[in-house]
Amino acid sequence: GENVEQHPSTLSVQEGDSAVIKCTYSDSASNYFPWYKQELGKGPQLIIDIRSNVGEKKDQRIAVTLNKTAKHFSLHITETQPEDSAVYFCAASYNFGNEKLTFGTGTRLTIIP
Amino acid sequence: DAMVIQNPRYQVTQFGKPVTLSCSQTLNHNVMYWYQQKSSQAPKLLFHYYDKDFNNEADTPDNFQSRRPNTSFCFLDIRSPGLGDAAMYLCATSKERGLEQYFGPGTRLTVT
């Protein structure tokens, strides 16, 4: 089955700096890669996603890049703000018979004011 | 606003006492999922419904059951909760398989 590794497990950045979280996946058939933000005591919130026919996607301060050859994808947050502090999960799935999301282990991001 | 609602937000049950968690959605999505999330871990899929078609994960204990009486509602039944079942239970929906999943706020279950 699919295996998703996520790094780092914790990340602290100064407010205004950029944060990058990286994930690698094992199944070359995976073609959908969402990122979720989870605040304490809340459910995960989908913040951005990318499909394998696209190499990069951007939404305001958030961007995701995908390298299918290397089987890794990354989340980039620019101009970080205190409200970006949360746990971020990457995930992977494929659309041919098994749409199960396989999650990474999560990154706890702390923005230092 | 269309959304995924979970009730209750916090549930305390006794060891071995059956408990039911509820999820409802106003998104009219075909697929509803139940995940278990333990502290500092990623969500783990227990099962999902595609319309009325139930799909169990191979490693989901028999102690966990689910019902989906209609499009809007889905229930998670834990027949005999053990201490190891204490966790956050998350409901999610998607319009179709393979599309974006939207999570509810979760129900935190405590087993005493």
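See the structure above.
Everything numeric here is computed off the predicted structure, so don't read it as measured data.

> Explain the pairing of strand S7 (residues 62–67) of chain A residue by residue, including any values.
Residues and elements named next belong to chain A. When strand S6 (residues 56–59) meets S7, the two strands line up antiparallel, connected through four bridges. Bridge assignment links lysine 58 to a residue of S7, and that residue is alanine 63. The antiparallel hairpin formed by S7 and strand S8 (residues 72–77) contains four residues in its connecting segment, where lysine 71 sits at a positive phi of about 55 degrees.

> Describe the pattern of salt bridges, naming the residues involved and giving the relevant values.
Tallied over the entire structure, the rule returns eight salt bridges over all chains. Across the pair glutamate 57 of chain B and lysine 100 of chain A runs a salt bridge whose closest N-O atoms are separated by 3.0 Å. Pair noted here: glutamate 57 of chain B is in the loop between strand S6 (53–56) and strand S7 (64–67) and lysine 100 of chain A is in the loop between strand S9 (86–92) and strand S10 (102–103), and the two residues belong to different chains. Here glutamate 57 of chain B falls in the buried class, since its relative accessible area comes to 15%. Bridged by salt links that share partners, the residues Lys37, Glu39 and Lys42 of chain A form one connected network.

> Any chance you could break down the interface of chain B and chain A for me, citing the residues and the numbers?
Counting residues at the interface gives 19 residues for chain B and 17 residues for chain A. When the two sides are added together, the surface that chain B and chain A hide from each other amounts to roughly 1,400 Å², 55% of it contributed by carbon and sulfur. Among the residues chain B hides against chain A, the three largest losses belong to Gly98, Gln101 and Phe103 of chain B. Together they make up 29% of the total. Counting the contacts that link chain B with chain A gives one salt bridge. Taken together, the links from chain B to chain A amount to five residue pairs in polar contact (both at pLDDT 80 or more). Contributions of two or more residues to the side of chain B that touches chain A are made by strand S4 (31–37), strand S9 (87–94) and strand S10 (102–103) of chain B. Per-class residue counts for the side of chain B that touches chain A are 10 nonpolar, five polar and four charged.

> Go over the nonpolar core, please, and point to the residues and values.
Grouped together as the largest cluster of nonpolar side chains are 24 residues, with contacts concentrated most on Trp35, Phe73, Leu75, Tyr88 and Leu109 of chain A. Elements represented by at least two residues in this core include exactly strand S2 (10–14), strand S3 (19–25), strand S4 (32–38), strand S5 (45–51), S7, S8, S9 and strand S11 (107–112) of chain A. When residues no more than four places from it in sequence are discounted, the contact partners of tyrosine 88 of chain A are Gln6, Ile21, Tyr36, Lys37, Ile47, Leu75, Ile77, Gly106, Thr107 and Leu109 of chain A. Of all hydrophobic cores here, the second largest spans 18 residues; its members include Cys23, Cys74, Cys91 and Leu109 of chain B.

> Any chance you could break down the state of the cysteines for me, citing the residues and the numbers?
All names here are of chain B. Counted according to the given criterion, the structure contains two disulfides over all chains. A disulfide bridge connects cysteine 23 with cysteine 91, and the sulfur atoms are separated by 2.0 Å. When the S-S torsion is -70 degrees, as for the bridge of cysteine 23 with cysteine 91, the disulfide is left-handed. You can see cysteine 23 sitting in strand S3 (residues 19–25) and its partner cysteine 91 sitting in strand S9, a full 68 residues away along the chain. Of the two residues, cysteine 23 and cysteine 91, neither departs from the other in class, the shared state being buried. The thiol sulfur of cysteine 74 is not disulfide-bonded, and the nearest other cysteine sulfur, from cysteine 91, lies at 6.1 Å.

> A description of the sheet that holds S7 of chain B should follow, citing residues and the corresponding values.
All names here are of chain B. Across the sheet, four strands lie side by side as S1-S3-S8-S7; this open sheet has antiparallel pairing. A strand with exactly one partner marks an edge of an open sheet, and here the two such strands are strand S1 (4–7) and S7. Sheet twist, expressed as the mean angle between neighbouring strand axes with direction ignored, is 20 degrees. Where S7 and strand S8 (residues 73–78) come together, four bridges link them in antiparallel fashion. In the sheet register, glutamine 65 faces S8, and the bridge partner there is aspartate 77.

Here is what the cut-offs are and how they apply
- Residues numbered from 1 in each chain as written.
- Chains lettered and ligands numbered in written order.
- Predicted model: local features only at pLDDT ≥ 70, side-chain atom pairs only at ≥ 80, totals over all residues.
- Heavy atoms only, no water.
- Pairing = 2+ DSSP bridges.
- Helix = DSSP H or I, 4+ residues; strand = E, 2+ residues; numbered from the N terminus.
- Salt bridge = Lys/Arg side-chain N within 4 Å of Asp/Glu carboxyl O.
- Buried < 20%, exposed > 50% of the residue type's maximum accessible area, 1.4 Å probe, protein only.
- Contact = heavy atoms within 4.5 Å.
- Buried area = accessible area lost by both parts, 1.4 Å probe.
- Polar contact = N/O pair within 3.5 Å; in protein donor to acceptor, adjacent residues only side chain to side chain.
- Nonpolar A, V, L, I, M, F, W, Y, C, P; charged D, E, K, R; others polar.
- Core = buried A, V, L, I, M, F, W, Y, C linked by side-chain atoms within 4.5 Å.
- Disulfide = S-S within 2.5 Å.
- Axes fitted to C-alpha atoms, helices over the stretch in contact; angles between N-to-C directions.

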